[in-house]
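Analysis of the macromolecular model
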Amino acid sequence: MIHQFIFAHPKPGMSEADFQDYWLNVHAVQYASKIPQIRRYQIDTRVPFGPEPADPLFSGVAEIWLANEEEQLASLQTKEFLEGARLDEPRWAAFWRTVGLDTTTHVLKEGPPLARESQMLKVFTLVKRKAGSELEDFRRYGLEEHAAKVLAIPGIQRYYQCYARDGLYTLGETLLDGISLMWFENSEALAAAALSPEWQQAQDDLKTFVEPRYIQRFVTTEHWIIGPESR
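Note that this is a predicted model, so its numbers are computed, not measured. (Residues numbered from 1 in each chain as written. Predicted model: local features only at pLDDT ≥ 70, side-chain atom pairs only at ≥ 80, totals over all residues. Heavy atoms only, no water.)

1. Quick word on helix α4 (residues 135-151)
Taking 1.5 Å per residue as the helical rise, α4 with its 17 residues ought to reach 24 Å, and the 22 Å between its terminal C-alpha atoms agrees with that figure. Maximal helix bending in α4 amounts to about 40°, located at G142. Where the residues of α4 are buried, they touch β4 (99-109), β5 (121-127), β6 (156-164), β7 (178-184) and α6 (197-206). (Helix = DSSP H or I, 4+ residues; strand = E, 2+ residues; numbered from the N terminus. Expected span 1.5 Å × (residues − 1). Bend = angle between axes of the 7 residues up to and from the residue. Contact = heavy atoms within 4.5 Å.)

2. As for the sheet that holds strand β1 (residues 2-8)
Pairing is antiparallel around the closed barrel formed by eight strands, whose spatial order is β1-β3-β2-β8-β5-β7-β6-β4. Adjacent strand axes in the sheet meet at a mean angle of 35° when their direction is disregarded. As paired strands, β4 and β6 are joined by six bridges and run antiparallel to one another. Considered in β6, the bridge of T103 is made with A164. Packing of helix α1 (residues 16-31) onto the sheet brings it into contact with β1, β2 (40-47), β3 (60-66) and β8 (216-226), and relative to β2 it is tilted by some 170°. α4 rests against β4, β5, β6 and β7 of the sheet, and its axis sits at about 170° to β6. (Pairing = 2+ DSSP bridges. Axes fitted to C-alpha atoms, helices over the stretch in contact; angles between N-to-C directions.)

3. Quick word on the side chain of R129
Assignment of secondary structure puts R129 in the loop between β5 and α4. A polar contact of 2.9 Å, which involves the side chain of R129, links it to the backbone oxygen of S133. Each residue touching R129, except ones within four places of it in the same chain, is listed here: E134, L135, F138, Y169, E173, D177, F209, V210 and E211. (Polar contact = N/O pair within 3.5 Å; in protein donor to acceptor, adjacent residues only side chain to side chain.)

4. A look at the packing of aromatic side chains
Following the criterion strictly, the structure yields 18 aromatic pairs and no others. Where F5 meets F124, the ring centres are 6.2 Å apart and the plane angle is 90°; that geometry is what we call edge-to-face. On the criterion of sequence distance, the pair formed by F5 in strand β1 and F124 in strand β5 is long-range, its members being 119 residues apart. Accessibility assignment for this pair places F5 and F124 in one class, buried. With 5.4 Å between their ring centres and 40° between their planes, F19 and W92 make a pair best called tilted. One end of the pair, F19, is in helix α1; the other, W92, is in the loop between α3 (79-88) and β4, and 73 residues separate them in sequence. With respect to class, F19 is no different from W92; both count as buried. Three or more aromatic residues link up through ring pairs in this structure, and these residues are F5, F7, F58, F124 and F218. (Phe/Tyr/Trp six-rings, centres within 6.5 Å; stacked < 30°, edge-to-face > 60°. Buried < 20%, exposed > 50% of the residue type's maximum accessible area, 1.4 Å probe, protein only.)

As far as function goes, none of this settles anything; it's purely spatial.
Here it is in structure tokens:
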């Protein structure tokens with residue numbers, strides 16, 4: 001299964017609130033969800049947490065699940081994509097700031113059953129491994145050593161690590177090597193976790209095997225468009 005992430009930013013002159021509303025209630029429903037190969041589909045909208053950046057790098061994320069590369073290629077050739085979703089994107093998103101990554105997901109903590117009406121907060125962390133380090137060493141350390149430190153953070157409900165698929169390295173390096181997802185019950189639980197020594201230990205450890213200057217982190221709420229069960 002391919003777990004695809006698409007990070008997007010509002011087009012110039014569009015507020016973050018209007019961008020998120022259009023993505024959720026127009027683009028996702030009327031266009032993207034019509035692509036038949038998409039098995040599951042979720043939109044994560046950024047929410048303020050902590051110091052606010054003047055211009056957030058991303059204001060939302062699409063998560064798309066596809067069965068395999070053949071179905072992914074087929075999806076890009078459908079009328080629903082070419083004449084629908086693709087043509088609609090410039091109406092709300094700054095396409096030159098869009099970043100996509102196809103990943104394989106590793107579930108480190110499954111947590112409670114996925115729920116369509118979930119109120120939990122999801123923390124995204126985007127990373128690039130240290131220059132010169134081997135890809136397999138980076139993944140192994142993340143899954144075996146770093147994960148144990150993250151799982152010690154109080155209040156964490158669910159935890160995934162998602163790594164760029166091997167095929168993306170055929171022609172060179174990828175912009176990102178991995179994405180981690182952490183879920184917390186609510187903003188109070190996340191705030192308490194962020195003040196804990198376990199959180200600090202995990203963040204210090206992260207910087208030992210990724211490039212600190214490329215770490216991007218933000219908080220979202222999730223909205224299922226198709227799912228959580230596959231269609």
